[in-house]
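# Reading the structure
For reference, the chains in residue letters:
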Amino acid sequence: IIAEEQLSGRGRMDRKWHSPKYTGIWMSIILRPNIPLPKALQLTLLTAAAIVQGIEDITGVQPEIKWPNDILINGKKVTGILTELVAEADRINAVIIGIGMNVNQTKEDFPVELQEIATSLLLEKGRKVSRADLIKSIFMNLEKLYLLYLEEGFFPIKLLWESYAISIGRKITARTLTHTIVGKAQGITDDGVLIIQDEQGKTHHVYSADIEL
């Protein structure tokens, strides 16, 4: 499902997503995987890897991934991913993966408060990018990784994701709904959960948080 414009675009924690007409990719993909409920996070990480591959294929620009759902270029956010479930207590009926990507915005297209933290492929590449070609490449990479995931599980996706991760080995701050953890990102578990070792040497498994580098 692809929109040319979003009037009420949103990201994680109901944050507003600025999505002006004809400039970006605002789309949702519906999957119906036969996987346990706790593994839904893996599909966010799989999608992030597919988007990075799609951007590389079309533009030659090399993005990085900030766990769990942000794609950055030169430290600025270019894409966000929002995964939502239609599920029962013991099964997933559908996974809706929302993707917001800044493609052909100029700096002036962003609100002032976003100009120093957000970017677009046009700003990074220096020329306009075909949104149709980019969507095609993302879908092709997503299908390839999704079929690999269904056949071989998350491990090959994990290795690919970690090769693009910006935070591994770096000191980060993870803000959850209840507390803040400061420490070094060690990687992700086989389920896609972030592992942080804090300054006292204690290991934390983080399932959901805002990450600051």
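In this report, the structure presented in the accompanying data block is examined. None of the values given here were measured: they were computed from a predicted structure.

## Here's the deal with the overall build of the protein
Scanning the protein from N- to C-terminus turns up four helices and 11 strands. Against the 2.2 N^0.38 benchmark of 17 Å for 213 residues, the protein shows a C-alpha radius of gyration of 17 Å, consistent with a compact globule. For the protein, the spread of C-alpha atoms along the principal axes amounts to about 45 × 40 × 30 Å. When the 213 residues of the protein are sorted by exposure, 50% land in the buried category.

## Comments concerning helix 1 (residues 40-59)
Across its 20 residues, helix 1 extends 29 Å between first and last C-alpha, which sits within 8% of the 28 Å expected from 1.5 Å per residue. Among the 20 residues of helix 1, 17 are classified as buried, and the element is accordingly described as predominantly covered. Gly60 sits one or two positions beyond helix 1 and adopts a positive phi of about 80°.

## Observations concerning the packing of helix 1 against helix 4 (residues 155-164)
Across the interface, helix 1 lies against helix 4 with an axial gap of 9 Å and an inter-helix angle of 55°. Judged on the interaxial angle alone, helix 4 and helix 1 are oblique. For the pair helix 1 and helix 4, the crossing hand works out as left-handed. Where helix 1 abuts helix 4, its residues Leu45, Leu46, Ala48, Ala49, Val52, Gln53 and Glu56 lie against Ile157, Leu160, Trp161 and Tyr164. Split into classes, the residues belonging to the contact of helix 1 with helix 4 amount to nine nonpolar, one polar and one charged.

## Details of the pattern of salt bridges
Here the idea is simple: oppositely charged side chains can pair when their charged atoms come close. For the structure shown, the criterion picks out eight salt bridges. Residue Lys107 pairs with Glu116 through a salt bridge whose shortest N-O separation is 3.5 Å. A residue is classified by how much of its surface remains accessible, and Lys107, at 36% relative accessible area, is partly exposed. Assessed through its relative accessible area of 55%, Glu116 is described here as exposed. In this structure, Lys171 and Glu199 form a salt bridge, with 3.1 Å as the shortest nitrogen-oxygen distance. Here Lys171, found in strand 7 (residues 171-175), pairs with Glu199, found in the loop between strand 9 (194-198) and strand 10 (203-206); they are 28 residues apart in sequence, far enough to count as distant.

## A few points about the nonpolar core
Membership of the largest hydrophobic core comes to 54 residues, with the highest contact counts inside it found for Trp67, Met101, Leu121, Leu134 and Leu194. Dropping the residues within four chain positions of it, Leu194 is found in contact with Trp67, Ile172, Ala185, Gly187, Ile188, His204, His205, Val206 and Ile211.

## Quick look at the sheet that holds strand 2 (residues 24-31)
With antiparallel pairing, the six strands of this open sheet are ordered in space as 1-2-6-5-4-3. The open sheet has two edge strands with one neighbour each: strand 1 (2-3) and strand 3 (64-66). In terms of strand pairing, strand 3 meets strand 4 (residues 70-73) through three bridges, oriented antiparallel. Within strand 4, the position partnered with Ile65 by the bridge is Ile71.

## Re the pairing of strand 10
Only one face of strand 10 is buried, namely the one carrying His204 and Val206, since none of Thr203 and His205 on the opposite face is buried. Judged from the four bridges that link them, strand 9 and strand 10 form a sheet pairing that is antiparallel. Counterpart to Ile196 in the pairing with strand 10 is His204. Linkage of strand 9 to strand 10, two consecutive antiparallel strands, is achieved through a turn of four residues, within which Gly201 is found at a positive phi near 90°.

## Observations regarding the packing of helix 1 against helix 3 (residues 131-152)
In a packed pair of helices, the relevant descriptors are the angle between the two axes and the axis-to-axis distance. Helix 3 packs onto helix 1 with a crossing angle of 135° between their chain directions and a minimal axis gap of 8 Å. It follows from the interaxial angle that helix 1 and helix 3 lie oblique. For the crossing formed where helix 1 meets helix 3, the hand is right-handed. Judged by residue contacts, Gln42, Leu43, Leu46, Thr47, Ala49, Ala50, Ile51, Gln53, Gly54, Ile55, Asp57 and Ile58 of helix 1 engage Asp133, Leu134, Ser137, Ile138, Asn141, Leu142, Lys144, Leu145, Tyr146 and Tyr149 from helix 3. By residue class, the composition of the contact of helix 1 with helix 3 is 13 nonpolar, six polar and three charged.

The rules we used
- The residue numbers shown here count from 1 along each chain, following its written sequence.
- Only residues with pLDDT of at least 70 get local features here, since the model is predicted, and only at 80 or more are side-chain atom pairs given and counted; chain-wide, interface and lining totals rely on the full set of residues.
- Computation of side-chain values: all heavy atoms of the structure, hydrogens and water removed.
- A run of DSSP states H or I qualifies as a helix once it reaches four residues; a run of E qualifies as a strand once it reaches two. Both are numbered from the N-terminal end.
- The reference for a compact globule is 2.2 Å times residues^0.38; the radius of gyration itself is calculated from the C-alpha atoms.
- Only protein chains enter the area calculation, which uses a 1.4 Å probe; residues under 20% of their type maximum are buried, those over 50% are exposed, and those in between are partly exposed.
- A helix is expected to reach a length of 1.5 Å times the quantity of its residues less one.
- Every axis corresponds to a line fitted to the C-alpha atoms, with the helix fit spanning only the stretch in contact, and the corresponding angles, defined between N-to-C directions, vary from 0 to 180 degrees.
- Under this scheme an angle from 65 to 115 degrees is roughly perpendicular, one under 35 degrees roughly parallel, and one over 145 degrees roughly antiparallel; angles in between are oblique.
- Each crossing gets its handedness from the near helix: less than a right angle anticlockwise from the far helix is left-handed, clockwise is right-handed.
- Every residue pair with non-hydrogen atoms within 4.5 Å of one another is taken to be in contact.
- By the convention adopted, Pro, Cys, Tyr, Trp, Phe, Met, Ile, Leu, Val and Ala count as nonpolar, Lys, Arg, Asp and Glu as charged, and the other residues, Gly among them, as polar.
- The salt bridge criterion pairs a side-chain nitrogen of Lys or Arg with a carboxyl oxygen of Asp or Glu, the two atoms within 4 Å.
- We call a set of buried Ala, Val, Leu, Ile, Met, Phe, Trp, Tyr and Cys residues a nonpolar core when their side-chain atoms join them within 4.5 Å.
- Should DSSP find at least two bridges between two strands, the strands are taken to pair.

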